[in-house]
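Survey of secondary and tertiary structure
Chain residues, written in single-letter form:
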Amino acid sequence: MYALDLCQRLLKCPSITPKDAGAIAVVSEALKDLGFTCHVLSFSDPKSPPVNNLYGRIGTNRPHLCFAGHTDVVPVGDPAHWSFNPFAGYIEGELLYGRGAIDMKGAIACFIAASSAFLQDKGPTFKGSISLMITGDEEGPAVNGTVKILEWLKARNEIIDACLIGEPTSKTQIGDTVKIGRRGSLNAKIITHGTQGHVAYPELADNPIPRLLGFLTEISKTPLDQGSEDFPSSNLEITSIDVGNPASNVIPQAAYADFNIRYNNAHTGQGLIKWLEEVALKTAGKHTLTFNISGEPFRTPPGAFKNTVIKAIEKVTGHTPELSTSGGTSDGRFIHHHTPVIECGLKNATAHQIDEHVATQDLVILQKIYKEILERFFE
Ligand SMILES: [Zn+2]
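Residues numbered from 1 in each chain as written. Predicted model: local features only at pLDDT ≥ 70, side-chain atom pairs only at ≥ 80, totals over all residues.

1. Considering the pairing of strand S6 (residues 129-135)
Counted only if it meets this: Burial is judged by counting other C-beta atoms within 10 Å of a residue's own C-beta: 20 or more means buried, 12 or fewer means exposed, and anything between counts as partly exposed, with every C-beta placed from the backbone. Each helix corresponds to a stretch of at least 4 residues labelled H or I by DSSP, and each strand to a stretch of at least 2 residues labelled E; elements are numbered beginning at the N terminus. By this definition, two strands are paired if DSSP reports at least two bridges between them.
For S6, the buried fraction is high: 7 of the 7 residues fall into the buried class. Side chains Ser 129, Ser 131, Met 133 and Thr 135 project from S6 onto one buried face, and the interleaved Ile 130, Leu 132 and Ile 134 project onto a second face that is buried too. As paired strands, strand S2 (residues 48-58) and S6 are joined by 5 bridges and run antiparallel to one another. In the sheet register, Gly 56 faces S6, and the bridge partner there is Leu 132.

Take a look at the structure:
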């Protein structure tokens, strides 16, 4: 089984972001064997570690289907907590263990295996193009990865007609859920400033804590929206409150809070920032607010590609997938600006966990789904 063997070889590369550890070369060699033209794209930036990425394409015509994925993985934590070496590609029974088995070396192996079978069937009559955009910077800062590959593609006038992302989207069965968009994510920090003093002489001090609490109460009790057909309602979570004050007789100088908003397409990051600034003006007194938008919400427009993926999954599994926009962000947040994006991959239950593993049978099913997508896309 080619997908299993390839996945195993990828798992043996300890490619914790930003390290490549040979993973890009494994993908590149596999693609070259199938006739793809491959470009290893090494990007660097003064603020972020250098990263190896890969773009491989076969065919010069349209339509052009691109598979996007990442070979980098998150750290393993304490390896002693793993049942097996997380970078050995160990198989026990029907399960293949390793960091990245689910997220997402397994899906990359399945797509390459599906492409191999598809190209073998089609032979020289194949008229379109298949490409793989593989980054080594998805789990990290995402500075020297997909964003720069997309710029590189644009400069070469490469047009992609649709993009399939191999992130683990399935819940209990392969293909039971696909992602047709993602929520936006806004991280924010507020500092309320006061005047330090003795609790016995409050008239000489200014306590920043009640103002911080007033602000947080106001923003957390306001419903952001009711959600929509494609999106759950937006959600704000306070993640930290701190004053760094060990003394019970001191009014602190400043109080801090962090919060995150996962928001749907009823909002923009800038719109939310404006609202937060207005609430802070009314409630927080002297304050500093800082923001970081890590991705705006997006949704795959209805159309042929969505139907292709749904029909392919129905054919292979007998079930209609749930179309979801839940979960964290992915590089779809960058790619959707260029082409319609759908995410479909393995079961996400053990992603980023100790003893991450994939059932070998799941690799078989995902490979079949990917091959069916290729057949229908190029029909
Ligand atoms: Zn991932």
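2. A word on the pairing of strand S3 (residues 64-70)
Burial analysis of S3 places 7 of its 7 residues in the buried class, the great majority of the element. Along S3, one buried face is formed by His 64, Cys 66, Ala 68 and His 70 and the opposite face, lined by Leu 65, Phe 67 and Gly 69, is buried too. Examined bridge by bridge, S3 and S6 share 7 bridges and lie parallel to one another. Each residue of the ladder has a partner; that of His 64, found in S6, is Ser 129. The pairing of S3 with strand S7 (residues 162-165) spans 4 bridges and is parallel. Looking at the pairing, Cys 66 lines up with Cys 163 of S7.

3. Notes on the environment of Ile 174
Rule in force here: What counts as a contact is two residues whose backbone-derived C-beta atoms lie within 7 Å of each other.
Tracing the backbone through its elements, the reader meets Ile 174 in the loop between S7 and strand S8 (177-179). As for Ile 174 and Thr 317, which are separated by 143 residues in sequence, their C-alpha atoms are 8.0 Å apart. Setting aside residues up to four positions removed in sequence, Ile 174 forms contacts with Thr 317, Leu 346, Lys 347, Asp 362, Ile 365, Leu 366 and Ile 369.

4. Remarks on unusual backbone geometry
Here the residue pair Arg 62 and Pro 63 is connected by a cis peptide bond, since its omega of 5° sits within 30 degrees of zero. If you trace the backbone, Pro 63 turns up in the loop between S2 and S3. Cis geometry marks the peptide bond from Asp 103 to Met 104, where omega comes out at -15°. Relative to the assigned elements, Met 104 resides in helix H3 (residues 101-122). The backbone of Ala 21 shows a phi angle near 55°, a positive value even though the residue is not glycine. For Ala 21, the position within the fold is in the loop between helix H1 (2-11) and helix H2 (23-33). Despite not being glycine, Asp 355 shows a phi value in the positive range, around 65°. The residue Asp 355 is located in the loop between strand S18 (341-343) and strand S19 (357-359) in this model.

5. Side note on the packing of H1 against H3
In plain terms, the rule: Note on method: axes are straight lines fitted to C-alpha atoms, helices fitted across the in-contact stretch only, with angles between N-to-C directions ranging 0 to 180 degrees. When describing relative orientation, an angle under 35 degrees is termed roughly parallel and one over 145 degrees roughly antiparallel, while 65 to 115 degrees is termed roughly perpendicular and anything else oblique. Each crossing is labelled by how the near helix is turned from the far one, with a counterclockwise turn of less than a right angle marking it left-handed and a clockwise turn marking it right-handed. All amino acids are sorted into three groups, where Ala, Val, Leu, Ile, Met, Phe, Trp, Tyr, Cys and Pro are nonpolar, Asp, Glu, Lys and Arg are charged, and the leftover types, Gly among them, are polar.
Remark: H1 packs on H3, axes separated minimally by 8 Å, with the N-to-C direction vectors making an angle of 140°. As summarised for this structure, H1 and H3 are arranged oblique, according to the angle between their axes. Judged by the sense of rotation from one axis to the other, the crossing of H1 with H3 is right-handed. Contact with H1, carried on its side by Tyr 2, Ala 3, Leu 6, Cys 7, Leu 10 and Leu 11, involves Ala 101, Lys 105, Gly 106, Ile 108, Ala 109, Cys 110, Ile 112, Ala 113 and Ser 116 of H3 and no other residues of that element. For the contact of H1 with H3, the class distribution of residues is 12 nonpolar, 2 polar and 1 charged.

6. Here we look at the sheet that holds strand S10 (residues 184-193)
Taken in spatial order, the 4 strands of this open sheet run S12-S14-S10-S15, and their pairing is antiparallel. Unpaired on one side and paired on the other, strand S12 (235-242) and strand S15 (287-295) mark the two borders of the sheet. Put simply, the sheet's adjacent strands are angled 15° from each other on average, direction ignored. Bridge analysis of S10 against S15 gives 8 bridges, and the strand direction is antiparallel. Residue pairing across strands places Thr 192 opposite His 287, the latter belonging to S15. The strands touched by helix H6 (residues 269-283) within the sheet are S10, strand S14 (254-263) and S15, with S15 carrying the most contacts at an inclination of about 165°.

No statement about biological role is implied by the geometric values presented.
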